[in-house]
Amino acid sequence: MDADQIRAHLDPIRHEFADPRSLVMPALKFAQTEKGHLTREDMAAVAEATGYSPSFVESVASFYDRLYTRPVGNRVVSVCITLSCMLRGSDEVWEALCEHEGVDHHHGGTSADGRITIQEAQCLGYCDRGACIQVDAEETQGPFTPEEAVKLVEELREAPTPAELWR
Amino acid sequence: MAEYAPVDLTVENQVEFELDGRKVTAPAGTMLADACYAHGVEIPIFCYEPRLGPPIGACRMCLVEVEGMRGLQTACSTPVAPDMVVRTTTDAVKEAQDGVLEVLLANHPLDCPVCDKGGECPLQDRTFKFGPGQSRFVEPKRHHPKPLELSDRIALDRERCIACFRCVRFSQEVAQDGELTMQARGALSEITTFSGDAYAGRFSGNVIDLCPVGALTSIPYRFVSRPWDVQNTPSICGLCPVGCNTELTVREGRTKRVTGRPDPNSAVEEGWLCDTGRWAYDASWSDDRITGAIVREATGDRVAGLEDAVDAAAALLRGRTVGILAGTGATVEEAGIAADLAAGALPGAIVARMGIPGGALAGLRALPGAQLGDIDDADVVVVVGGDPAAQQPIVELRLRKARRFGATVTGCGPRPHLIESLGAFTRTVPGALADGVAAVAQAIAGATLPVVLWDEADLAAEPAAAAALADAIAANDAARQIELGADVNGSGLRALGLPTADLVLDAVREGRVDALLLVHAEPLDAPGRTAWAAALQDFAGPVVAIATHPTATTERADLVLPALTMWEQDGTLVSMNGRVQRLRPGARGPEGAAAGWELLVALAHRLGAPPPYRTAAAAFRAVTAGHAAFAGITSDTAGILGVPLAAPAQVDGASAPAPAQGEGLPLVATREVYGGTHARRSASLASTAAEAAARIAPATAEAQWVRDGDRIVLRSPAGDSGLLTVRVEEGWPEGAVFAPLGAPGAPTEGALPPDMAPVLVQVVRVEAG
Ligand code: SF4
Ligand code: SF4
Ligand code: FES
Ligand code: FES
């Protein structure tokens, strides 16, 4: 994505942000819609469009779990592993998903077909509905048993991504 | 210690507060950490560093108890208040210090035995002094492949980082290179550049001095030494006319490292160094260093011992009328002793200095001067001509700081440069700097406390502009000026009253001298080298050169006496704005070499007129006696931090240059300290070496029939330049050629006259690119 596209996206929303630094977030989120993750060029374009240094932009991107500086699957499934969810069995949900997608049980990862990424999340604020899962930085759902979680992932595998729907 | 801000306990407006049961005072607004330090109480800190701007309270190391405030307070960000009751040694404070250190060390590898910082590490020291004796942390620590090369010169051991953000703040706020950031979060946080690119700053080395742990270390110094195996000597940098105060780390007779002073000189560099000043020291043992005397004989070169060589020099010069040239980097002692030779050992000798005549600058130099530190207080800072970021690097940080403090930065000049991004600048047509001065005069007039920085070379070349600027400064009583000098010790040579080199050049041409003695002078490598080459072509007399590295000049010499570099010798340099500062010998220097001043003293002995001094300090006293600029100044009064000259370093009578000579395009020359001569003599800086490029704007290049990559010669009435590579670049003003001074073989210097008077050049294409 280039700086002009990002500027065009930011212009209508600029006035909503008192501190221009805050514009880096929507800019990154928008830049990410193109490839599903952020490349060096995307971050350089965000830097150009917002006037901050590329390294600052990258530091922001690296801070947030839903901004990806490496390629991810078409759908990203974040499993809460914080205390409440853990007590309600999120470790089993995690294990089941990693097993099903054939990814590393410690760090998660992306399935071989490139459709699904499994990653850890810290408390998603859905403790009353643990074990919970967030898909693509959108709504959080729960509670899940391991079987239900696998079923959800299978549905996600078939369903078009939001970006695919928009186009 | 540098880490705490200096506190003046004598100024008006002191606030009284209680510190551990004592009644003490500090000026209103002082941070508790600094106030406590001033009263002998050390509050441990890590992230706090007053030079980096407002405190950020990132590390929580400095917690203290303040009566009436809930919880503990960070002493680095809590200003003193009247009747505040502060306790720094209570159980609660002790427990907090233990806790913070335990957390900081939780992921720290504790590899002190193999860490360069060991022995001079704030984390180590403060853990011993304030930390718990034991860690309860038994879990595995984080590991990283190590070290990571942040650049050719800086290594990063990520697991040692305690996330204090000092390096990031330096990069983002002080140098404003936007390079370093902290990425990721929590235990995974790490310092990095964009996508792991090499850290490309020109002040990058300062983060090594700033890092309170061994996370950022100098690659050239890696595993070289331990703090208890070295001597640290306060000295100064002699690579550009700023004269930053440095500390030399010396081991086994060699300078192993140059750092900023632990106690910065706030009037000059404030503890920062540019990367050239920090890493160029290995030039003192570069492959081409002259380590023994070279005697040129019909049968070839012979390397001689020092004794023999000085004898030979005396034999060559005895009974002759000698032209003596002091180079722009010669110390006050070297130049002064050389001048003394004319009065005794070498009667009738004509002594002169290299560098810019600058007769037109008398008016400017007589105006009230300022130190670089005074820029902090200015409301308006005006930069006239020059390119301080390239030519006097540390000035860039001063100007960025002024901007951060809210000062207006403005100026004018013929070159595009980095400082221009800090404010409104007027781009002047080369030769018409006076128009720019007219534009900035208003800013000077309307300011409460203006500081004007003016470029020696640019204003010397345009007397009308110099006169107009002097008037504009004189019109505001509060205005002060800082000369952005061209030469390392130009001020020192002028303060000694030495006349300009054209005196010797004319004498050579007219056969009035029949020998030459060059004291760090390189007439065949300096502006005017074409004229000098012509004059020396038929010069039959002997040429004796005192030098450290080979140049075209030493090639021409009949005898080369090997001298010491600025990291090895005692001496005095006067900075561009007239600050007298001492070089102190760190390293010993090669066996076969001696300090330039000692060589000259030995020479005087051999010539039968021994001077009455044996030390550099005594020589300084003797050679500066009778010069008003040095009145009352001795090596002792100059001390560790230096003192300003007693009167402006000014010589009369030097001619002001005529309007630009020749036909074609004006040549605008810039001395690039970063990537220039020093980068080519220093292995550590080799990767920064800049090409010898003539920069030309697109339309001008087209009009001159040259393209990017072409190799050209610039032809002026002063002579031909050496080969330069054309770089056609947007952003450079049309209608001029911009070229560097100090490139290998001194190409640009060939087209310039000895007095650096302005010239117009024709672009002659030699090879297509
Ligand atoms: S690398 Fe050093 S200076 Fe930078 S944040 Fe880490 S500890 Fe602080
Ligand atoms: S700015 Fe000049 S004096 Fe200071 S460190 Fe750099 S080269 Fe040396
Ligand atoms: S612990 Fe999982 S949502 Fe709070
Ligand atoms: S020194 Fe005060 S919080 Fe770091």
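Cut-offs applied
- Residues numbered from 1 in each chain as written.
- Chains lettered and ligands numbered in written order.
- Predicted model: local features only at pLDDT ≥ 70, side-chain atom pairs only at ≥ 80, totals over all residues.
- Heavy atoms only, no water.
- Helix = DSSP H or I, 4+ residues; strand = E, 2+ residues; numbered from the N terminus.
- Rg over C-alpha atoms; globule rule 2.2 N^0.38 Å.
- Buried < 20%, exposed > 50% of the residue type's maximum accessible area, 1.4 Å probe, protein only.
- Contact = heavy atoms within 4.5 Å.
- Salt bridge = Lys/Arg side-chain N within 4 Å of Asp/Glu carboxyl O.
- Pairing = 2+ DSSP bridges.
- Axes fitted to C-alpha atoms, helices over the stretch in contact; angles between N-to-C directions.
- Parallel < 35°, antiparallel > 145°, perpendicular 65-115°, else oblique.
- Left-handed = near helix turned anticlockwise from the far one by under 90°.
- Nonpolar A, V, L, I, M, F, W, Y, C, P; charged D, E, K, R; others polar.
- Near = heavy atom within 4 Å.
- Buried area = accessible area lost by both parts, 1.4 Å probe.
- Polar contact = N/O pair within 3.5 Å; in protein donor to acceptor, adjacent residues only side chain to side chain.
- Domains from an automatic or database assignment.

A word on the overall build of chain A
When its secondary structure is counted, chain A shows eight helices and five strands. Moving toward the C terminus, one meets the helices and strands of chain A in the order α-α-α-α-β-α-α-β-β-β-β-α-α. Relative to a compact globule of 167 residues, whose C-alpha radius of gyration would be 15 Å, chain A shows 17 Å and is just as compact. Referenced to the eigenvectors of the C-alpha coordinate spread, the extents of chain A come out at roughly 45 × 30 × 25 Å. When the 167 residues of chain A are sorted by exposure, 44% land in the buried category. In chain A, the share of contacts with a sequence separation of at least 24, taken over all contacts with a separation of at least 6, comes to 63%.

Some words on the pattern of salt bridges
Residue and element names in this part refer to chain B. All chains considered together, the criterion is met by 57 salt bridges over all chains. Note that lysine 401 is salt-bridged to glutamate 270, the shortest N-O span being 2.5 Å. Here lysine 401 is found in helix H11 (residues 394-404), whereas its partner glutamate 270 is found in the loop between strand E13 (254-260) and helix H6 (275-279), with 131 residues between them in sequence. Residue lysine 401 shares its accessibility class with glutamate 270, and that shared class is buried. The salt bridge partner of aspartate 458 is arginine 415, with a shortest N-O separation of 2.8 Å. With aspartate 458 in helix H13 (residues 456-461) and arginine 415 in the loop between strand E19 (408-413) and strand E20 (423-427), this residue pair connects regions lying 43 residues apart in the sequence. Residue aspartate 458 is classed as buried on the basis of its relative accessible area of 11%. Here the residues in one salt-bridge network are Glu3, Glu42, Arg126, Lys129 and Arg166, joined through shared partners.

Section: the sheet that holds strand E16 (residues 322-326) of chain B
Residues and elements named next belong to chain B. Spatial strand order, E15-E14-E25-E24-E23-E16-E17: seven strands in an open sheet with mixed pairing. The open sheet is flanked by strand E15 (300-304) and strand E17 (350-353), the only strands paired with a single partner. Sheet twist, expressed as the mean angle between neighbouring strand axes with direction ignored, is 15 degrees. Judged from the four bridges that link them, strand E24 (residues 543-547) and strand E25 (residues 559-562) form a sheet pairing that is parallel. By the bridge assignment for E25, valine 544 is matched with leucine 559.

Concerning the packing of helix H8 (residues 332-341) of chain B against helix H19 (residues 596-606) of chain B
Residues and elements named next belong to chain B. One way to put it is that H8 packs onto H19 with a least axis distance of 8 Å and a crossing angle of 15 degrees. By the criterion of interaxial angle, the relationship of H8 to H19 is roughly parallel. For the crossing formed where H8 meets H19, the hand is left-handed. Contacts between H8 and H19 involve Glu333, Glu334, Ile337, Ala338 and Leu341 from the first element and Gly596, Trp597, Leu600, Val601 and Ala604 from the second. For the contact of H8 with H19, the class distribution of residues is seven nonpolar, one polar and two charged.

A short note on the site of ligand 2
Near ligand 2 the following residues occur: Cys237, Leu239, Cys240, Val242, Gly243, Cys244, Cys274, Gly277, Pro393, Ile394 and Val673 of chain B. Along the lines of polarity and charge, the residues of the shell around ligand 2 split into nine nonpolar, two polar and no charged.

Some points on the site of ligand 1
Residues in contact with ligand 1 amount to 13 residues; listed here are only the nearest, Cys161, Cys164, Phe165, Cys167 and Cys211 of chain B. Its residues assigned to classes, the shell around ligand 1 shows 12 nonpolar, no polar and one charged.

Things to note about the sheet that holds strand E7 (residues 154-156) of chain B
All names here are of chain B. The strand order across the open sheet formed by three strands is E6-E7-E10, and the pairing between neighbours is antiparallel. Across the chains shown, the open sheet's two edge strands, defined by having one partner strand only, are strand E6 (148-149) and strand E10 (216-218). Here E7 runs beside E10; their pairing, made up of three bridges, is antiparallel. Within E10, the residue paired with alanine 155 across the bridge is threonine 217.

A short note on the interface of chain B and chain A
Contact with chain B, which involves 13 residues of that partner, is made by 13 residues of chain A. Buried surface at the junction of chain B and chain A, summed over both partners, amounts to about 1,000 Å²; 49% is from carbon and sulfur atoms. At the boundary of chain B and chain A, one finds two salt bridges. Among the salt bridges present, the one from arginine 185 of chain B reaches aspartate 65 of chain A, with a minimum N-O distance of 3.3 Å. On inspection of chain B and its partner chain A, the count reaches 10 residue pairs in polar contact (both at pLDDT 80 or more). Within the side of chain B that touches chain A, the residues separate by chemical class into four nonpolar, six polar and three charged.

Some words on H11 of chain B
Residues and elements named next belong to chain B. Within H11, nine of the 11 residues are buried, which leaves the element mostly enclosed by the surrounding structure. Among the residues of H11, those classed as buried are Ile394, Val395, Glu396, Leu397, Arg398, Leu399, Arg400, Lys401 and Ala402. Here the buried face of H11 lies against helix H4 (166-174), strand E18 (380-384), helix H10 (388-391), E19, strand E21 (450-455) and strand E22 (480-484).

Some remarks on the domain arrangement of chain B
All names here are of chain B. Domain boundaries assigned for chain B yield domain 1 (14-89), domain 2 (321-356 + 492-644), domain 3 (360-485) and domain 4 (665-767). Computed over C-alpha atoms, the centres of domain 2 and domain 4 are 29 Å apart. Between domain 2 and domain 4, the residue contacts involve 13 residues of the former and 15 residues of the latter. Summing both sides of the interface, domain 2 and domain 4 together bury roughly 990 Å²; the carbon and sulfur share of this comes to 58%. Interface area lost by domain 2 to domain 4 is led by Pro527, Arg529 and Thr530, which between them contribute 49%. Across the domain 2-domain 4 interface, the total number found is zero salt bridges. At the junction of domain 2 and domain 4, the tally comes to five residue pairs in polar contact (both at pLDDT 80 or more). Looking at the side of domain 2 that touches domain 4, the element that brings in the most residues is helix H17 (residues 529-537), giving three residues. For the side of domain 2 that touches domain 4, the class distribution of residues is six nonpolar, five polar and two charged.

Focus: the packing of helix H1 (residues 3-10) of chain A against helix H3 (residues 40-50) of chain A
Each pair of packed helices gets described by two things: the angle between the helix axes and the distance between those axes. All names here are of chain A. Contact geometry of H1 with H3 gives a least axis separation of 8 Å together with a crossing angle of 55 degrees. In this view, H1 runs oblique relative to H3, as classed from their interaxial angle. The interaxial crossing formed by H1 with H3 has right-handed handedness. When H1 is examined against H3, the residues Ala3, Ile6, Arg7 and Leu10 are found in contact with a partner set consisting of Asp42, Ala45, Val46, Glu48, Ala49 and Thr50. Within the contact of H1 with H3, the residues separate by chemical class into six nonpolar, one polar and three charged.

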